[in-house]
Structure formats: C-alpha cells, structure tokens
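Chain by chain, the residues run as shown.
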Amino acid sequence: MNFSAVDSLLPIGTGQFQVLDYVVFIAMLAISMAVGIYFGFFGNNNSTEEYLLGGRRMKTIPIAISLIASQISGATILAIPAEMYGYGTQYAIMVPFMIFTVFVINYIFVPVFYKNNIYNCYEYLEMRFSRRIRNIITISFIASAYVLLPIILFIPAIALAQVTGMNVHLINTIACSVCVIYTMLGGIKAVVWTDVIQGSIMVGASLVILICGIREVGSASEVIDRAIDGGRIEFFNMDLDLTARATFPNMVLGGICLWTSYIGLNQSCVQRIVALKSVKHAKNSLWIFCFGYYIIVGINCFIGITMFARYYECDPLKLGIVDKLDKMVPYFVQDTVGNLSGMTGVFISCVFSAGLSTMSANFNSISGVIYQDYIRKIPGFQDTEKRANIWMRMIVVLSGVFCVLSGFIVDKFGSLLEIIMTISTVSSGATLGVYCLGMLNPWANEHGAFWGTMSSIVFTGYLCVRSKIAVLAGQITYPLLPTKVDGCDVFGINVTDPFTPESLNSSSSSPIFTDDDSFALHKISFVWFAVFGFLMVPLVGIPISLLTGSNDVYKTGKRLISPVAHWLLPEDIRNKEPPLNTEIPIINKEGNQVKETTWVWEGAEKGEK
C-alpha cells in the first residue's frame, strides 16, 4: 500500500495540542481543584456525615447530574463509539431499558434504605442476614473497584498522550493527583459539584463532535444510510447462541442486571442517593438521571455510527493507520474538529471529566466503606470524628497512588468496554442476587444467602478469569464487522494493493474459536456473566434456606422487606406499624445490635421530626 497523503486523513500525533487546547484542559483541572479547595476549607466537612453525605442536605438535580457523570467514565466515552464502529448498534439496545432499571431501584431498594436510615448500603446485609454476608459483598465491592479504577483515568491519559507527545504515566499521575486532592479536601460535596461541571463539559463537547462529524459526512440521513448499508444498524438480533457476543436477549438482561446492581446497590451511587432528604427526592433524582443517561449515551452511540459513516469506504484500522479499535475516537476527533482552535482540548477535557467524575465518586465511597467496615472495628481503636477524617482522607491518597502504579499494566488490555463489563459481572450478579433474596423473600436465611452468594462469585469469577485467559491466548476472538478501503482516494490515499472486504452477509456476532468448536462454559458471552451470577443466588439460596430452617419473619418484621413483597408476609405483620420517629434497635441474626434506626414512613420527610 502506498500512503502518499496520509496526513490529509490523519492529522494526529505529537504536537497536535495547541496553546488554546492546553488552556482549556488546564482550566478544567483548575476548576475541579478549586471546587475541592472551597468545600475543603468552607464546606464544614469536619464530621463523617458531612464528608460522606453532605449532611443529607444535597439537592435533587445536582445529585442526578452527579450520578449521570459518574456512570459515564472516560473509558466509556471512548469505548461506546468504538463499539458502534466495530460491532454495530446491538449494544445500544440496553439503553431504552434503563427506565426499567430505575423503576426497580426506586420501588424495591430505595424505600428499604430510607426506612432503615441506611447510608452504607452494605449495612442492610448485616441487618437482614449477618456480618459475614456484609463482609463478602463489601470485599467484592472494594476488590472490583480497585481493579477498575486504574483503567478509568489511564485511558483518557492515553488519548492526551496521543495528541501531545507527553509521557502517558506523567499525565496519569497529574490527573490522579488532582482527583485525589479535590476528593480528599471536599468530600461528597466536592464530588457532586465537580460532577455537575464535568457533566456539562461532557454533554457540550460530545454534541459539538457529533455535529461536526455529521457535517463531514453530509447529513444525519446519510450517516444512517451508510450505517445500514455497512451492516452497523442492528437492534433485534434474537440469536439464542450463548456464545454470541451481543444479542437482544443478552444485552437487555445483562444490561438490566449490571445497571441495577451498579446504580442501586453500589455504595458510590447509594451514598449520593441517600444524601437526599427523602424518598421522594431520591426517586425524582433517579428519574432525572434516567433522562440524562439517555441523552449522553445516545449522543455517544450516534457518534459511533457517524464515525463509521465518515470512514465508510476507507477504514483506518484496516489500513493500519490506527492500531487499536479504542483509539478510533481520538482519531475521529482530530480528523473532524482538529482544525477548530481549542476543540481538541475540549474533547480531551470531556474524556478526562468523565474519568475524574467516576474516580472521585469511587474514592469517596471506598474511603467510607474501608474505614467504617474495617478500620473502626479494629480492637482497641478509638473512633472519633477527627480520626475518621484523617483515615478516610489517607485512604483516598493511597487509592490514588495505587491507580498511578497500576497504570503501567493497563495498556496491555484489549477492548475496554469488554474488559469493564467482564470485571463488573463478577460481583454485580452476586450483589443483585443477595439483595433481591433478602428484600423479596422473607423466608431466606443467612445460610441460603451465604452459599448462594459464594456460589455466584465463584462461578462468575471462574467464567471471567477463564474467558480472559482464552481471549489473551487467542483461543477466542470476536471479529469486527466488515469494512472497506476501496474509497480512500477521497482522502488522498492511494491504495495500490486493495483487498476485497468480506461479504456483509457473512458477518456474525458469534466468536471464532481456535481450539475447537465444542461448547464450554467460559465460551459464553461475557454479557451473560451477570445474569447467570444473579440467578445463581436464589437458585442455591432458596433451597438451602428451606433445608436449614426458614427465616423467622416475625423477628425480621417488614422493615427489612421491600414494600413490593409485603403481600408475602402474614397479615398481622403487614398491619403492624410502629409510630413515627421511634428509635428501634436493629438486631442481626447473630443477636448483636447493629444500630438504632429512626423510622420515618413513606411520605414523611427523612430527618424531619
């Protein structure tokens, strides 16, 4: 191949960042730092409740925007359009079902958290079952967070290094340091308000990139026509083959399990939800989050098919100009808006904003969980507000150091979206399963919860590790959909040895197995892992609960059972309501008092006497 005019297609490489780009990017970091400093010195973060919950006086819309921003990581900004480009739109079918996810969270989980005055969602597992069940899920949360956190900010660092020539590890260190400083100083208030700023940057930058990309293609209708002709538009692949990478069944069911577990039962999200003063405010915030999620993910999905339409007959991946699918988005941005002064800086700020918002939320929640669940329970440890603040801030710093050091191995990963979804499934299925077992089955006991949870984690852990080994060994590959290079002359590229692209009719979502074609569990699509992990908990937990003696529903009462399952309880329990604002001790299954809780029934404002 003769690439005589590659620069006309690819204005990318070192030195592409101009002065204005640096100004835009540095301004974004400076604003985030300023917010942290402000709330650190003027935000009254001297108590644990202020640091973790903002005194439970947070506002609905900022919390909703914070949830949106922290769910869309920098890796997601890069990975979703790349997914659309390489594999088509089947992934996007999970997006409309977010409304179902929010409905489940609002009417099954949120009322229980509020009625029991819970601000660490893992407290519920100790109230309902035992301390060891809480420890299992807490440890899985911490472990999965520390596996994913290094990816979240390192990927934007790669994008910045690509257009500046700076050392990627230096960029990662600077960005992590900024995140650590404003999270450590400002607590949840800084996290939420920086998320608001960063979320605005994400939406604005994504819209500009989308509009400029459509302009390069010609029109939105032309984008869709090319995507259809190129086999990228697919929403209803009903293939029941469990090994198929993306189908309607696995994307819908897997998406619901993953998002319900992450938004409704992950402490980084629950911590912000319960920072609002009532159930009504929490529900409203989640509905606003749902609407915002549609906007930002919808924009990024359309960027993906616009990117395909732009390179409809001249695929940079096939030419070898771009060496990795996940680098297609920075490439596309440089190609379409690189000539606009400051826009490259806006895009990089967009990607970093997404990464910072996700990382700061996790830093804040992890510090609270590690301190409250483990450090303060060390025998002889004196728990004071001053010690709590010192320890939680120290955990944030150490977490940042860990992310910087772990960045040295992140670049060896393959598909980012696949990696993120695969790792998330190990704990998400078990977490969703054990909460549903506790809230929807009044008779489930600790033994059922323990063996159900352990079975799920071991099973999905095996699937995750074994499948990744197979992928790294080249035993399983997911081929990209066909592309062309026979129209590169429009970019000034002369392909002297063109090759015929594969027939579109031969493309499939099924993987290629190089060892043999026999079925094995680890060959199923990674999207199914969360579904199977979720189902494993009740399938194991319910029979074991029955065999070991069902839970005493009179001891549990209805306070720990979701309102949607109250009809399963005996009538005398359903009709028994303690008075408002009555202090009731919560006793776990081991006979130990977990906490005192203030009952404020649905419809009453939480915290108001």
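All figures in this text were calculated on a predicted structure; none of them were measured in a lab.

Draft legend 1. Spotlight on the overall build of the protein. Scanning the protein from terminus to terminus reveals 21 helices and four strands. Evaluated residue by residue, the protein yields a buried proportion of 60% over its 609 residues. Pairs at least 24 apart in sequence give 83% of the contacts found in the protein among residues at least 6 apart. Only carbon and sulfur atoms are counted for the fraction: they give 65% of the accessible area of the protein, which is about 23,000 Å².

Draft legend 2. Fine view of the side chain of T101. Structurally, T101 is set in helix α5 (residues 98-115). Those residues within four positions of T101 in sequence are excluded, and the remaining contacts are I256, W259 and T260.

Draft legend 3. Inspection of the confidence of the model for the protein at higher detail. Mean pLDDT over the protein stands at 78; residues scoring 70 or higher make up 81%. Note that residues 1-15 has pLDDT below 50 and, in this model, 47 contacts with residues that lie over four places away or in other chains. Overall, residues 579-584 carries pLDDT values under 50, and its contacts beyond four positions in sequence, including any with other chains, amount to 21 contacts.

Draft legend 4. Looking closely at helix α8 (residues 168-217). End to end, α8 covers just 32 Å across 50 residues, shorter than the expected 74 Å (1.5 Å per residue, more than 12% under). In α8, a bend of some 125 degrees at G187 exceeds every other bend along the element. Between the side-chain oxygen at the start of α8 and the backbone nitrogen of H169 there is a gap of 2.8 Å, and the oxygen is on N167. Two residues or fewer past α8, G218 is found with a positive phi of approximately 135 degrees.

Draft legend 5. Summary view of the nonpolar core. One finds F109, F113, F352 and Y435 to be the most contacted residues of the largest nonpolar core, which totals 177 residues. For this core, the leading source of residues is helix α7 (residues 131-164), giving 20 residues. When near neighbours in sequence (up to four residues on either side) are disregarded, F352 contacts F25, M28, L153, P156, A157, L160, I171 and A175. Within the second largest apolar cluster, five residues are counted, among which are V553, I561, L569 and I573.

Draft legend 6. Main features of the side chain of T60. Here T60 is to be found in helix α3 (residues 60-71). Ignoring sequence-local partners within four residues, the contact set of T60 consists of L276, H281, N284, S285 and I288.

Draft legend 7. A look at the environment of S206. Looking at the secondary structure, you find S206 in helix α8. When its relative accessible area of 2% is taken as the criterion, S206 is described as buried. Separated by 91 residues in the primary sequence, S206 and V297 have C-alpha atoms spaced 9.9 Å apart. Residues within four places of S206 in sequence aside, it is in contact with I296, I299, N300, I303 and C350. Separated by 2.8 Å, the side chain of S206 and the backbone oxygen of M202 make a polar contact.

Draft legend 8. Just the pattern of salt bridges, in detail. With the rule as written, the count across this model stands at eight salt bridges. Put simply, E126 and R131 hold a salt bridge, and the shortest N to O gap is 3.2 Å. Its relative accessible area of 15% is what places R131 among the buried residues. With a shortest N-O distance of 2.7 Å, E126 and R134 are connected by a salt bridge. Across the pair, R134 and E126 agree in class, each one buried. Here the residues in one salt-bridge network are E126, R131, R134 and D373, joined through shared partners.

Draft legend 9. View of helix α10 (residues 248-265). Taking 1.5 Å as the rise per residue, α10 with 18 residues should run 26 Å; its terminal C-alpha atoms sit 25 Å apart, in good agreement. Burial of α10 is extensive: 16 of the 18 residues sit out of reach of the surface.

Draft legend 10. Geometry of a negative patch on the surface. On the surface, a cluster of negative charge is made up of D225, D229, E313, D486 and D489. Secondary-structure assignment places D225 in helix α9 (residues 220-229).

Draft legend 11. Focus on unusual backbone geometry. In this model, N117 sits at a positive phi of 60 degrees, which is unusual for a non-glycine residue. Tracing the chain through its elements places N117 in the loop between α5 and α6 (123-128).

Conventions we followed
Residues numbered from 1 in each chain as written. Predicted model: local features only at pLDDT ≥ 70, side-chain atom pairs only at ≥ 80, totals over all residues. Heavy atoms only, no water. Helix = DSSP H or I, 4+ residues; strand = E, 2+ residues; numbered from the N terminus. Buried < 20%, exposed > 50% of the residue type's maximum accessible area, 1.4 Å probe, protein only. Contact = heavy atoms within 4.5 Å. Areas by Shrake-Rupley, 256 points an atom, 1.4 Å probe, with all protein chains shown as cover. pLDDT = per-residue confidence, 0-100. Expected span 1.5 Å × (residues − 1). Bend = angle between axes of the 7 residues up to and from the residue. Polar contact = N/O pair within 3.5 Å; in protein donor to acceptor, adjacent residues only side chain to side chain. Core = buried A, V, L, I, M, F, W, Y, C linked by side-chain atoms within 4.5 Å. Salt bridge = Lys/Arg side-chain N within 4 Å of Asp/Glu carboxyl O. Patch = residues over 30% accessible without salt bridge, like charges linked within 9 Å, V, L, I, M, F, W, Y side chains within 5 Å. Lys, Arg positive; Asp, Glu negative; His and termini not counted. Charge placed at Lys NZ, Arg CZ, Asp CG, Glu CD.

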